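Here is how the chains run, residue by residue.
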Amino acid sequence: MKRILYLVLVWLVASSFTTVHLMGDSTMAEKDLPKAGEERGWGMMLQNFLDPSQVNVINYAQNGRSTKSFIDLGLWDKVKAGLQAGDYVFIQFGHNDAKADDPARYAPAYGAYQENLRLFVRTALDKGAHPVLLTPVARRWFKDGVLDRNCHTDYPEAMKQVAEEFGIPLLDITTASLNWLEALGDAASRRYFMISTGKDDNTHTVAAGARKVTEMVCERIRTQLPELAKHLLHYDIVVSADGHGDYMSVQEAVNAIPDYSHQEITRVLIRKGVYKEEVTIPHTKFRVHFKGEDAENTILTYDKYAQKFWPGRDFTMGTSGSASIYIHASYITFEDLTFENTAGEGKEIGQAVAVFTDGDFLFFNRCRFLGNQDTLYTYGRFGKEGGIKRNYYKDCYIEGTTDFIFGPSIAYFQNCTIHSKKDSYVTAASTLEGQRYGYVFRDCKLTAAEGVTKCYLGRPWGAFAKTVFINCELGSHIRPEGWHDWEKEGKPNTKENSFYAEYGSYGPGARGPRVEWAHTLSQKELEDYSFEKVMYQQQDGIVWDPYNNR
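First, a word on what this report is: a plain description of the structure on this page.

**Side note on the packing of aromatic side chains**
Any pair of aromatic rings gets described here by the distance separating the centres and the angle formed by the planes.
Point 1. Applying the stated criterion across every chain, the model contains 42 aromatic pairs.
Point 2. Each ring, one from phenylalanine 469 and one from tryptophan 483, has its centre 5.9 Å from the other, and the planes form 50°; the classification is tilted. Pair noted here: phenylalanine 469 is in strand β30 (residues 466-470) and tryptophan 483 is in the loop between β31 (473-474) and α11 (494-497), with a separation of 14 residues, a long-range link.
Point 3. Judged by relative accessible area, which is 2%, tryptophan 483 ranks as buried.
Point 4. Just above the ring of tyrosine 331 sits the side chain of arginine 287; from NZ or CZ to the centre is 4.8 Å.
Point 5. The ring of tyrosine 425 carries arginine 459 above its face, with NZ or CZ at 3.9 Å from the centroid.

**Section: the environment of phenylalanine 193**
Point 1. Checked against the element boundaries, phenylalanine 193 lands in the loop between α7 (186-189) and α8 (207-224).
Point 2. Counting along the chain gives 53 residues from phenylalanine 193 to arginine 140, while the straight-line C-alpha distance between them is 8.0 Å.
Point 3. Here phenylalanine 193 is in contact with Ala138, Arg140, Trp180, Leu181, Asp201, Asn202, Thr203, His204, Thr205 and Val206, once residues within four sequence places are set aside.

**So, the side chain of lysine 285**
Point 1. With respect to the helices and strands, lysine 285 occurs in the loop between β11 (279-281) and β12 (288-292).
Point 2. According to the relative accessible area criterion, lysine 285 is buried, its value standing at 6%.
Point 3. Polar contacts involving the side chain of lysine 285 include one to the side chain of aspartate 259, which spans 2.9 Å.
Point 4. Other than its neighbours up to four places away in sequence, lysine 285 contacts Val254, Asn255, Ile257, Pro258, Asp259, Ala329 and Ile332.

**Some points on α8**
Structural remark: α-helix, 3.6 residues per turn; residues separated by three or four positions point the same way.
Point 1. Its 18 residues place the ends of α8 25 Å apart at the C-alpha level, agreeing with the 26 Å of an ideal helix rising 1.5 Å per residue.
Point 2. Contact partners of the buried residues in α8: β3 (88-92), β4 (130-134), β7 (170-171), α6 (173-184), α9 (226-229) and β8 (237-239).

**What to know about the pairing of strand β25 (residues 417-420)**
Point 1. Where strand β22 (residues 397-400) and β25 come together, four bridges link them in parallel fashion. Pairing of glutamate 399 across the sheet is with histidine 419, part of β25.
Point 2. In the sheet, β25 pairs with strand β28 (residues 445-448) via four bridges, with the strands oriented parallel. By the bridge assignment, threonine 417 is partnered in β28 with lysine 445.

**Some points on unusual backbone geometry**
Point 1. Backbone torsion omega between leucine 33 and proline 34 reads 5°, so that peptide bond is classified as cis.
Point 2. With respect to the helices and strands, proline 34 occurs in the loop between β1 (18-24) and β2 (55-59).
Point 3. That bond from glycine 512 to proline 513 is cis: its omega, 5°, falls within 30 degrees of zero.
Point 4. Within the fold, proline 513 resides in the loop between β32 (499-503) and β33 (519-520).
Point 5. Residues other than glycine seldom take positive phi values, yet aspartate 336 does so here, at roughly 55°.
Point 6. Summarising the element assignment, aspartate 336 is placed in the loop between β15 (332-335) and β16 (338-341).
Point 7. Look at aspartate 336 and you get buried, because its relative accessible area is 10%.
Point 8. Of note, the phi angle at aspartate 403 is positive, near 50°, even though the residue is not glycine.
Point 9. Residue position: aspartate 403 is located in the loop between β22 and β23 (405-407).

**Points about the sheet that holds strand β20 (residues 376-377)**
Point 1. Strand order in this open sheet of seven strands is β11-β14-β17-β20-β23-β26-β29, and the pairing throughout is parallel. The outermost strands of the open sheet, each flanked by one partner alone, are β11 and β29 (456-458).
Point 2. Bridge count for β11 against strand β14 (residues 325-327) is three bridges, and the pairing is parallel. Among the inter-strand pairings, valine 279 is bridged to a residue of β14, identified as isoleucine 325.

**With respect to the pattern of salt bridges**
When the charged atoms of two side chains with opposite charge come close together, those side chains can pair.
Point 1. Summed over all chains, the structure comprises 34 salt bridges.
Point 2. Note that glutamate 39 and lysine 31 form a salt bridge whose closest N and O atoms lie 2.8 Å from each other. In terms of burial, glutamate 39 and lysine 31 fall into one category: buried.
Point 3. Sharing partners across several salt bridges, the network here consists of Lys291, Glu335, Asp336 and Arg366.

**Observations regarding the sheet that holds β31**
Two strands in a sheet stick together by hydrogen bonds in their backbones, pointing the same way (parallel) or opposite ways (antiparallel).
Point 1. Sheet architecture is open: eight strands sit in the order β10-β13-β16-β19-β22-β25-β28-β31, paired in parallel fashion. In this open sheet, the two strands that pair with only one neighbour each are β10 (273-276) and β31.
Point 2. Two elements, β10 and strand β13 (residues 298-302), share four bridges in a ladder whose sense is parallel. Bridging across to β13, lysine 276 finds its partner in threonine 301.

**Quick word on the nonpolar core**
Point 1. Formed by 57 residues in total, the largest nonpolar core has its most connected members in Phe290, Phe334, Phe339, Phe364, Phe369 and Phe413.
Point 2. The biggest single contributor to this core is helix α10 (residues 250-256), with three residues.
Point 3. The residues touching phenylalanine 364, leaving out its near neighbours within four places in the chain, are Ile327, Phe334, Phe339, Val355, Thr357, Phe369, Tyr392, Tyr393, Lys394 and Cys396.
Point 4. Counting residues in hydrophobic clusters, the runner-up holds 29 residues, among them Phe49, Leu50, Phe90 and Ala210.

How each quantity is defined
- Residues numbered from 1 in each chain as written.
- Predicted model: local features only at pLDDT ≥ 70, side-chain atom pairs only at ≥ 80, totals over all residues.
- Heavy atoms only, no water.
- Phe/Tyr/Trp six-rings, centres within 6.5 Å; stacked < 30°, edge-to-face > 60°.
- Helix = DSSP H or I, 4+ residues; strand = E, 2+ residues; numbered from the N terminus.
- Buried < 20%, exposed > 50% of the residue type's maximum accessible area, 1.4 Å probe, protein only.
- Lys NZ or Arg CZ within 6 Å of the ring centre and 35° of its normal.
- Contact = heavy atoms within 4.5 Å.
- Polar contact = N/O pair within 3.5 Å; in protein donor to acceptor, adjacent residues only side chain to side chain.
- Expected span 1.5 Å × (residues − 1).
- Pairing = 2+ DSSP bridges.
- Salt bridge = Lys/Arg side-chain N within 4 Å of Asp/Glu carboxyl O.
- Core = buried A, V, L, I, M, F, W, Y, C linked by side-chain atoms within 4.5 Å.

Written out as structure tokens, the structure reads:
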């Protein structure tokens, strides 16, 4: 019975997955990067607009292909071999079929062109697939400021006839792109085409143009292909290290986010890849949702460190200058991303921050923070004039050696894994005097690397540090005393002024006895450590919903 249920489940998962096969020419095709420079085919963008867990896009389009050469060069055979029942076949030709002086590609509109389209459609239908015809993307042909709307002569109409003959969908991209170009005008439309790069090319698009065409395709999917439309996604900006997005670097994407967006949340997708760059999100770029393709394979990394000298200067970067990513903006969400500092460790390295947070209402969901000393700096603008800064970390993984979670912000860690790589200190809060909350860890798991056996839950970087662990599983690496006072000159009375507490700790690291100046929360006190109460501050009266982070 279990075997039958398993096979049914496998069948249901497989049957719900759809493949879209793309057949076309250079306006759709993959590009040989970086050789192709800024040129992009819209087929490179399509997967960004479809749920990858439900839809796979295979792009067979190639530069210079017509319906005739697509068949003659064996590309059609590859498409046929991969077609499965329920798949979609997007067919878009016309640019090269019209080249009458090239016998290898020429296919007359009301002759071989239509016959080739019929071949594609019949074969797809015989295999139980869904053929979809797309008229060609318009050329940007302006003369004296007037757009040539007949740039494809009879080919769009010839394609429409084939669609009507078989009763299949036709996505009229020719008309859509002509209307778009005409509305923009000659000057404004240049930025979307390769002519903007200095080439005499009004046919091929750069990334911005490829996105516009993809949006036109998706608009017609939404109205004409309802089953596929269920899987449509929308991101305002897509970052892809391999050129399949709007930008190839995260900082370029950040720079393109609208300033002072008080109403709209800007959604940014970061495709799988390693992005080695320093990233700064300024305070003007608030209300942004950054979504990685998956945390394991979407990595933002850099290698600055505190002991490194600033270029051309005779002083070092220091802790605050060592971060891989700086987040100065508020109302920012990060999902499924890894943040990393690969500088290493040692006296010659010192602190090396992966993430520096300086904004309010920051939500990190299913993220990883990788580093050594001082991995996560919840900076929060020191001093009362900086205002309260609140961070929320849910289902995250955070690793480091010494004080690898530190700073003055209010931070709530829920269901996170906190991994110590060295005998040292997990936290070093520097909660501001008079601030009721500092760090709260709830339902977290504290683990350690092999051989690590002596770690403190925390020590006070500032005299008024506040750190609380609630219902956390503590590994055997946590020292029985739990906490360190870190009293030194200029920082007296940390035992009296700091507040370190636990409730419901379990696991081998929960054994004691704890230092006498630590606290155990009562059931009544526990009520004050809900997410809502920790994040609500009377100074602003804001009730924060991190899942609608605006």
